[in-house]
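# Examination of the molecular architecture
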Amino acid sequence: MGLVLTGGGARAAYQAGVIQGVSDIFQANRFDCGQAPFQALSGVSAGAINSMFLAGTDESFETAACRLVGLWENITVNQVFRTDMKTVSRIGSRWLRDLTFGGLIGSTRSTHLLDTTPLRDFLHRFTDFPRLYQRIEAGRIQGVALSATNYRTGTAITFYDGSPKIQPWARSARLGIRQKLTVDHILASSAIPGFFPPVRLGQTFYGDGGLRLSTPCSPVIHMGADRVFAVGIRHFRSEDTTERINRDLSMEHISIAHVGEVVLNSIFADSLDSDIERLERINQTLDLMPEEIRAKHPRQLRKIPILAMRPSKDLGTLASEQFQELPRFFRYMLRGLGVSEREGWDLISYLAFMPSYTKTLIRLGREDAQSREKEILKFFTDASSA
């Protein structure tokens, strides 16, 4: 079984709620998933944090789910990035200098708006790398993968480790590279462009994996998963809703916040849906092919059932009351981008690392999982009997 967790900053708290909901379903139905139901785990962006946490624990699935929820319930902005006046002013001054003087006084250094030094310490505390590699060596997990974007080539690079049977892969815009995973890989995968600093890995810099990975399900398939459980952060929007909001909505002005929201939503929200559609089409096509023809296919295509979880509510709208909860100087900076109590909610939703918001997402994720109890139980039951 493969677990795919896409991300998008604080929105990844929703995934913790879904995992908790699945654990609740298993307990209520006395379903024994063993130590953990997932053998191949892949994370993109903030989903990399959750994937690495689950991959690196030897506890029962019930206990691991509770601890993951606890991580997100208690997270604060200051555990992710610095919001003090000195830091915000220093970064703002650097941008002002670079934009005002250009290259006259040296090459530009402005690549991000936030100092994420606290996040590195946070990840060191909550990611058990020694235990992860013990589990890999003992064969208790097949593999774990984190995806990041190479800022030099624009290629989606999936760094993975696991069973020796897993071979590196290469496609036109993505590569799978075996490498010993570290905190730097998590930081690179979750480095929101423009806000979080790029991370150096080897000889180049990397940023958020959601930028270029258009096939977030592919890493677990390359690692041998025969089923995929995926959790996204995009609220499903019907065709009627899409038509209505584009017909009725008007804008009196536009700000950087508006542009940033659209960019971030396109990075984090769309790729999983497209990949699921692609995977389902392949499954339908394979159903039409005789077994002997399938066996001769050069790509060795196989049918891979998938169950995807998506928020039943818009996570951006749920962030509408969070602006005043943000640290003072961070609010000041966001106002300069056009964020306020009345607009910029989507942008806030990616950066609102606060219990007042993450607890709401956890509760929603848990409820969404419980509302699909029969479907989830059947999916995992079929997997255990296969």
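Note that the structure is predicted; figures quoted are calculated from it, not measured. Each residue is numbered by its place in its chain's sequence as written, counting from 1. Selection of residues for local features in this predicted model requires a pLDDT of at least 70, selection of side-chain atom pairs for listing and counting requires 80 or more, and totals for whole chains, interfaces and linings are taken over all residues. The basis for every side-chain value is the complete set of heavy atoms in the structure, and neither hydrogens nor water enter the calculation.

## A look at empty space enclosed by the protein
Only protein atoms enter the 1 Å grid used here. Points where a 1.4 Å probe fits but cannot escape make up a cavity, open sets with protein on both sides within 12 Å along at least five of seven lines make up a pocket, and a residue lines them when an atom lies within 4 Å of a point. Grid points are joined across faces, edges and corners, and a volume is the space filled by probe spheres set on the points. Tallied over the entire structure, the rule returns four cavities of 30 Å³ or more. Taken as a whole, the largest cavity encloses approximately 100 Å³ of empty space. Along the wall of the largest cavity there are 14 residues; nearest its centre are Ala-36, Phe-38, Leu-54, Phe-61 and Arg-135. Of all the elements in the fold, those that place two or more residues in the lining of the largest cavity are helix H2 (47-55) and helix H3 (61-73). Side-chain classes are defined by residue name, with Ala, Val, Leu, Ile, Met, Phe, Trp, Tyr, Cys and Pro counting as nonpolar, Asp, Glu, Lys and Arg as charged, and the others, Gly among them, as polar. Residue composition of the lining of the largest cavity, by class: nine nonpolar, three polar and two charged. Runs of E in the DSSP output that reach at least two residues are strands. Runs of H or I that reach at least four are helices, and both are numbered from the N terminus.

## Some words on the side chain of Ser-340
Considering the arrangement of structural elements, one finds Ser-340 in the loop between helix H13 (328-337) and helix H14 (345-351). Contacts are assigned to residue pairs that have any heavy atoms within 4.5 Å of one another. Setting aside residues no more than four positions away along its own chain, Ser-340 makes contact with Phe-323, Arg-335, Trp-345 and Ile-348.

## Focus on H2
Here's how the labels work: a residue is buried when its accessible area is under 20% of the maximum for its type, exposed when over 50%, partly exposed in between, all with a 1.4 Å probe on protein chains only. Taken across its nine residues, H2 has nine buried, putting it largely inside the fold. Within the span of H2, buried status applies to Gly-47, Ala-48, Ile-49, Asn-50, Ser-51, Met-52, Phe-53, Leu-54 and Ala-55.

## Looking at the pairing of strand S1 (residues 2-5)
Covered by surrounding structure in S1 are Gly-2 and Val-4 together with Leu-3 and Leu-5, the residues of both alternating faces. The pairing of S1 with strand S2 (residues 40-44) spans four bridges and is parallel. Of the residues in S2, the one forming a bridge with Val-4 is Ser-42. With four bridges connecting them, S1 and strand S9 (residues 228-231) associate as parallel partners. The residue of S9 that forms the bridge with Leu-5 is Val-231. A pair of strands is treated as paired once DSSP finds two or more bridges between them.

## Quick look at the environment of Arg-178
As for its position among the elements, Arg-178 is in strand S6 (residues 174-178). According to the relative accessible area criterion, Arg-178 is partly exposed, its value standing at 33%. Separated by 19 residues in the primary sequence, Arg-178 and Phe-159 place their C-alpha atoms 5.8 Å from one another. Polar contact is defined as a pair of N or O atoms within 3.5 Å, subject to the rule that within protein one atom must be able to donate a hydrogen and the other to accept it, and that residues adjacent in sequence are counted only when both atoms are side-chain atoms. A polar atom in the side chain of Arg-178 sits 2.8 Å from the backbone oxygen of Ile-166.

## Notes on the nonpolar core
Trp-72, Phe-196, Phe-229 and Phe-380 are the most contacted members of the largest nonpolar core, which totals 96 residues. Take this core: its biggest share by element is eight residues, from helix H1 (residues 13-28). Those residues within four positions of Phe-380 in sequence are excluded, and the remaining contacts are Met-1, Val-22, Phe-26, Phe-31, Pro-37, Phe-38 and Phe-229. Side-chain atoms within 4.5 Å are what join buried Ala, Val, Leu, Ile, Met, Phe, Trp, Tyr and Cys residues into a set we call a nonpolar core. Counting 18 residues, the second largest nonpolar core, distinct from the first, contains Ile-166, Cys-217, Val-228 and Leu-279.

## Considerations on H13
For the α-helix, the turn length of 3.6 residues means that residues three or four positions removed from each other point alike. Within H13, the full set of buried residues consists of Phe-330, Arg-331, Met-333, Leu-334 and Leu-337. The buried side chains of H13 occupy one side of the element, clustering within an arc of 160° when seen end-on. For H13, the exposed residues lying more than 90 degrees away from the buried face are Arg-328, Tyr-332 and Gly-336. The directions from the helix axis to the C-beta atoms are what the arc is built from.

## With respect to the packing of aromatic side chains
Stacked, edge-to-face and tilted labels apply to pairs of Phe, Tyr and Trp rings (six-membered ring for Trp) whose centres lie within 6.5 Å, assigned for plane angles under 30 degrees, over 60, and everything in between, in that order. Applying the stated criterion across every chain yields a total of 15 aromatic pairs. Look at Phe-26 and Phe-31: their rings are 4.8 Å apart centre to centre, the planes differ by 50°, and that puts the pair in the tilted class. Aromatic pair Phe-122 and Phe-126: ring centres 4.8 Å apart, planes at 40°, arrangement tilted. Placement of the pair is Phe-122 and Phe-126 together in helix H5 (residues 117-126), with a separation of four residues, close to one helical turn. We classify Phe-122 as buried; its relative accessible area is 2%. A relative accessible area of 31% places Phe-126 in the partly exposed class. Joined through ring pairs, the aromatic side chains of Phe-26, Phe-31, Phe-38, Phe-61, Phe-229, Phe-379 and Phe-380 make up one cluster.

## Digging into the pattern of salt bridges
When a carboxyl oxygen of Asp or Glu is within 4 Å of a side-chain nitrogen of Lys or Arg, the pair counts as a salt bridge. Taken as a whole and assessed by the stated rule, the structure comprises 14 salt bridges. Arg-140 is paired through a salt bridge with Asp-58; the nearest N and O atoms lie 3.0 Å apart. Here Arg-140 is found in the loop between helix H6 (129-138) and strand S3 (143-150), whereas its partner Asp-58 is found in the loop between H2 and H3, with 82 residues between them in sequence. The partly exposed category is assigned to Arg-140, whose relative accessible area is 35%.

## As for the pairing of strand S10 (residues 306-309)
Regular strands show a simple pattern: their side chains alternate between the two faces of the sheet. Burial along S10 is two-sided: the residues Ile-306 and Ala-308 and Leu-307 and Met-309 are all buried. Bridge analysis of S9 against S10 gives four bridges, and the strand direction is parallel. Directly across from Phe-229, in S10, lies its bridge partner Leu-307.

## Here we look at the environment of Leu-334
As for its position among the elements, Leu-334 is in helix H13. Exposure remark for Leu-334: the relative accessible area of 1% places this residue in the buried category. Expressed as a C-alpha distance, the spacing of Leu-334 and Ile-348, which sit 14 residues apart in the sequence, is 8.8 Å.

## Remarks on unusual backbone geometry
Peptide bonds are mostly trans, and most non-glycine residues show a negative phi. The phi angle at Arg-30 is positive, at roughly 50°, despite the residue not being glycine. Counting through the fold element by element, Arg-30 comes out in the loop between H1 and S2. Backbone geometry at Ser-45 places phi at a positive 60°, although glycine is not the residue there. With respect to the element layout, Ser-45 can be found in the loop between S2 and H2.

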